[in-house]
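Results of the structural survey
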Amino acid sequence: MSACFFVVLPVALAAQSVDKVRSDVLSALSTPLPITIVGPLLTRDVTVTEEGDGFRAVLGDTSLMGLFPLGDVSLHLTPLDDETYRVTELRFPERLDFPGMGVLEFAGMTLDGVWSSRSRSYSSLQWVTDDLRFRPGEGDRGQVSLGRLGFDVIKEPDGADTESRFEIAANAVAVTGMGPQNVALGEVRALLTANGEEPVDLYSVIREVLMSATMRNGGAQLQVLGQSLLGNRYGSVGLELSGRDLSAVDVRRPDESYFRAESVEVRAALSDVAPRNWGGAEVALRFAGLDQREAIPDVVMKVEEAMIRLSGGNLPVADMMAAAMTLANPPRGRPVAVSPLLDGLVGFGKLEIATEGRSVWVETYEQRFRDGQSTTEKAFETAFDRWGMSFGLAGFDRNAGEVHFATDLRGGRFVPGATIPDEALPHIAAWFPNVLQAQTRVSALNDGFLKRLFTDVEIRDLREPVELVLPLMLYVAATVPDVATGENTYETDLFRISQSGQYRFYPTEVLGLAPYEGDLRVRMSGMPGLLGYLDDTLTQVRPGSDEATAIGMAKSALIVLRNLAEDGGAGAHEWEVGRPDVTRREIEVNGITLRYPDFMQYMPMLFGMAAMRP
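What you are looking at is a predicted structure, and each value in this text was computed from that prediction instead of being measured.

Attention now moves to the nonpolar core. With 47 residues, the main nonpolar core has Val338, Phe454 and Trp575 as its most contacted residues. When residues in this core are grouped by element, the largest group, 5 residues, is from helix H10 (residues 527-538). Dropping the residues within four chain positions of it, Val338 is found in contact with Phe454, Val457, Ile459 and Leu468. Val46, Leu70, Leu149 and Phe151 belong to the second-largest nonpolar core, a separate cluster that totals 42 residues.

Before going further, it helps to spend a moment on the packing of aromatic side chains. All chains considered together, the criterion is met by 11 aromatic pairs. With centroids separated by 5.7 Å and ring planes inclined at 50°, the aromatic side chains of Phe151 and Phe166 adopt a geometry described as tilted. Taken together, the positions of Phe151 in strand S10 (residues 143-158) and Phe166 in strand S11 (residues 161-176) put the pair 15 residues apart, joining distant regions of the chain. Phe166 matches Phe151 in its accessibility class, with the two residues each being buried. In textbook terms, an aromatic cluster arises when at least three aromatic residues are bridged by ring pairs, as seen for Phe380, Phe384, Phe414 and Phe432.

This part takes up the environment of Val273. Tracing the backbone through its elements, the reader meets Val273 in strand S14 (residues 258-273). Residues Val273 and Arg233, 40 residues apart in the sequence, show an inter-C-alpha distance of 5.6 Å.

Applying the stated criterion across every chain, the model contains 39 salt bridges. Two residues, Lys20 and Asp24, come together in a salt bridge whose shortest N-O distance is 3.0 Å. Here Lys20 and its partner Asp24 are both found in helix H2 (residues 18-27), 4 residues apart, which amounts to about one turn of the helix. For Asp24, a relative accessible area of 13% translates into the label buried. Across the pair Arg133 and Glu105 runs a salt bridge whose closest N-O atoms are separated by 3.8 Å.

We now examine the confidence of the model for the chain. Summarising the model, the chain shows a mean pLDDT of 82, and 85% of its residues fall at 70 or more. In this model residues 609-614 is a low-confidence stretch, pLDDT under 50, and it forms 0 contacts with partners more than four residues away in sequence or in other chains.

So, about the side chain of Thr485. Mapped onto the elements, Thr485 comes out in strand S24 (residues 482-491). For Thr485, a relative accessible area of 13% translates into the label buried. Of note is the side chain of Thr485, whose polar atom sits 3.1 Å from the side chain of Gln499. There is a polar contact of 2.9 Å between the side chain of Thr485 and the backbone nitrogen of Gly501. Those residues in contact with Thr485, other than ones at most four positions away along the chain, are Gln439, Thr440, Gln499, Ser500, Gly501 and Tyr503.

Analysis parameters
- Residues numbered from 1 in each chain as written.
- Predicted model: local features only at pLDDT ≥ 70, side-chain atom pairs only at ≥ 80, totals over all residues.
- Heavy atoms only, no water.
- Core = buried A, V, L, I, M, F, W, Y, C linked by side-chain atoms within 4.5 Å.
- Buried < 20%, exposed > 50% of the residue type's maximum accessible area, 1.4 Å probe, protein only.
- Helix = DSSP H or I, 4+ residues; strand = E, 2+ residues; numbered from the N terminus.
- Contact = heavy atoms within 4.5 Å.
- Phe/Tyr/Trp six-rings, centres within 6.5 Å; stacked < 30°, edge-to-face > 60°.
- Salt bridge = Lys/Arg side-chain N within 4 Å of Asp/Glu carboxyl O.
- pLDDT = per-residue confidence, 0-100.
- Polar contact = N/O pair within 3.5 Å; in protein donor to acceptor, adjacent residues only side chain to side chain.

What follows is the structure, encoded as structure tokens:
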């Protein structure tokens, strides 16, 4: 292998010439992310001489964007073939003065990469700057410092595909004296990856994004670039952002306003990316060791670990974006057909947002004024050992829409502060949830019917869509969704109630008080304690008041339910609640049929009584 290398190297070196290397270097300087990484650069002259196994290029009297002088910059280029160089030994001034903007200093810079003169891009790169510091203005407006800043670019085959990686990493990051808050990061890292049928040059992509962002009408340029990127197929595209030891502290009130986190991670991933459709997409935020306090309102939040995730599947991106842009910029005086908007907005396969975590607690404080003095006292503290919440939409691309949502809170605690009166503690214990679980799934949402309903509907101004009211009302009236609930639970120190069931919901019967058909199962423990609590509460309110009437009615209803209940064991009561026919004013509770009056019969009487009032 060594003999082969010494044979190939002279051939590559002979194929190059001083003039060609000089031309390649000149063409690589004008982009925002040039061969020297820092750029774009303008130079008075490029001097190229043979040196060792390659060439030394010296850029004389360089300037950044033609405005800020940098002095001489040099680098070593070793030819690998007619179009490719290995670039090393980058020598850059270690102090850069930008008049009116600030001073940039660093202790050292290293570069080692493989550069293509044809694509003006690095296929592999390691670029590191040590002890980087920037002081804005005249150096008296604070400082941004990084212990280490580096780029890492890798493009290597992965089976039949080609995976590219572009990574930016920094450690010991600090922003001090530049605003009301001092910000620090022990480490931060950003990684962009792509894997597709064709080689993906992420370095060139980022270079073009930077170039478009600095141009006049850069937004249009970025849009063109985005359309170009979406014109390709990728197996996957991923972005990872992570940081540790993050803090943002208000320098004026360091003990009253701060944000700290041991770690923060953001992950975004796309799979099966095509020009118009994405097979899947997911964005997740995860953080641990969060400790936050805001001066106004005065709240302290601490979280041991938490995650928030947004995901989607079978996404018709082009149609969804077109519909969203139409809604964001509604035309005036020009009719817009509603059906194409619905095709774009509800043609997806799945969309879901979810969060979960453990050990979250919130301390709430309040200000009190006594004798002309302001004091801050803890009002109360709430905490949960675990939590989880989710909301999702699915199946709309198959004309079988489904909505599901879930909540799971466990290990709830309420710790009163000095400002909570003792007489309020029994009420808090009776109703504050130690466990709160809810799972519901609504299906059979026929979006095909909805789109047919809007086939001939056009609106002239999306800001005033009055034309949508009647079709939506017709759709709601004609939709009969299936509803399934899991083991929904509400548990306090005093009682526990759970419910599960499956039924069909009839919107047209909503005024009939029980607009559903199906079966529910309810289980309750702690009934004697709850009745005793209501008795104690009745002794504390004024007789004949609205509160006393409401409490009395609640107690009477509980007694009726207790008499209808079956023994569920361990002191629990159970009820099987059936509704076999939505058109009949009947409910079956544990085999006993209960009839209730028709609410609509009393509507004329109620309106008549209202009209008779002075």
